[in-house]
Amino acid sequence: MHDRGDYKSGWQMEREWDEAEKMRKRNLALGEDDVDQTEEDDDDDDEEGSLPFACFICRQPFVDPVVTKCNHYFCEHCALKHHSKNKKCFVCDKPTLGIFNTAHEIRRRMAAEDK
Ligand SMILES: [Zn+2]
Ligand SMILES: [Zn+2]
């Protein structure tokens, strides 16, 4: 008793895998070509692009985002909570001096995303 079905599907799989591998290599080659061309100038929004999307302390999206003198962003409540235990920045260890400014850039971005 020969189970031809199994044999056939095995053979097909091998063949399909072969095709897939060929495709993958082709895509890889094409992809590599693309890399050289993707160096576009994004002058428009480079500032917004460098803004973090989450608080370093709670790792959640910002709630009332604030920015320290050393340009690190936290939720207001996270910044204050951390400051009550540690007077240095959570990220870079510079003294924050208790100065947490409203992070207008992030609030603006959040407002834009809320639309
Ligand atoms: Zn937080
Ligand atoms: Zn810092």
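This structure is a prediction, so every number in the text was calculated from the model and none was measured. (Residues numbered from 1 in each chain as written. Chains lettered and ligands numbered in written order. Predicted model: local features only at pLDDT ≥ 70, side-chain atom pairs only at ≥ 80, totals over all residues. Heavy atoms only, no water.)

Engineer: Outline empty space enclosed by the protein, listing residues and values.
Structural biologist: Counted by the stated rule, this structure contains 1 cavity of 30 Å³ or more. By volume, the largest cavity amounts to about 40 Å³. Every residue along the wall of the largest cavity is listed here: I57, F74, A79, H82, H83, N86, K88, C89, F90, T96 and F100. A total of 3 residues in the lining of the largest cavity trace back to one element, the largest contributor, which is helix α3 (residues 76-85). Counted by class, the lining of the largest cavity contains 6 nonpolar, 4 polar and 1 charged residues. (1 Å grid on protein atoms, 1.4 Å probe; cavity = no way out; pocket = protein on both sides within 12 Å on 5 of 7 lines; lining within 4 Å. Points joined across faces, edges and corners; volume = space filled by probe spheres on them. Helix = DSSP H or I, 4+ residues; strand = E, 2+ residues; numbered from the N terminus. Nonpolar A, V, L, I, M, F, W, Y, C, P; charged D, E, K, R; others polar.)

Engineer: Kindly report on the environment of I57, identifying the contributing residues and their values.
Structural biologist: Structurally, the position occupied by I57 is in the loop between α2 (46-49) and β1 (65-67). I57 gets classed as partly exposed once you look at its relative accessible area, which sits at 26%. Once the C-alpha coordinates of I57 and F90 are considered, the two residues, 33 residues apart in sequence, prove to be 7.3 Å apart. Those residues within four positions of I57 in sequence are excluded, and the remaining contacts are F74, C78, A79, H82 and F90. (Buried < 20%, exposed > 50% of the residue type's maximum accessible area, 1.4 Å probe, protein only. Contact = heavy atoms within 4.5 Å.)

Engineer: Which residues make up the coordination of the zinc ion (ligand 1), and what are the values?
Structural biologist: At the metal site, the zinc ion (ligand 1) is ligated by C55 (SG), C58 (SG), C75 (SG) and C78 (SG), and these contacts range over 2.3 Å. Considering all 4 donor atoms around the zinc ion (ligand 1), the spread of angles at the metal, 106 to 114°, places the coordination shape in the tetrahedral class. The sequence motif formed by the donor residues of the zinc ion (ligand 1) is C-x2-C-x16-C-x2-C. Of this pair, C58 sits in the loop between α2 and β1 while C78 is found in helix α3, placing the two residues 20 residues apart along the sequence. Given the relative accessible area of 27%, C58 is considered partly exposed. (Donors = N, O, S within 2.8 Å, 3.2 Å for Na, K, Ca; no water. Tetrahedral: all angles 85-135°; square planar, octahedral: opposite > 155°, others 65-115°.)

Engineer: Which residues make up the nonpolar core, and what values do they have?
Structural biologist: Core analysis: the largest hydrophobic core is formed by 15 residues, its most contacted members being C55, F62, Y73, F74, A79, A103 and I106. In terms of residue count, the dominant contributor to this core is strand β2 (residues 73-75) (3 residues). Residues within four places of C55 in sequence aside, it is in contact with Q60, F62, Y73, F74, C75 and C78. (Core = buried A, V, L, I, M, F, W, Y, C linked by side-chain atoms within 4.5 Å.)

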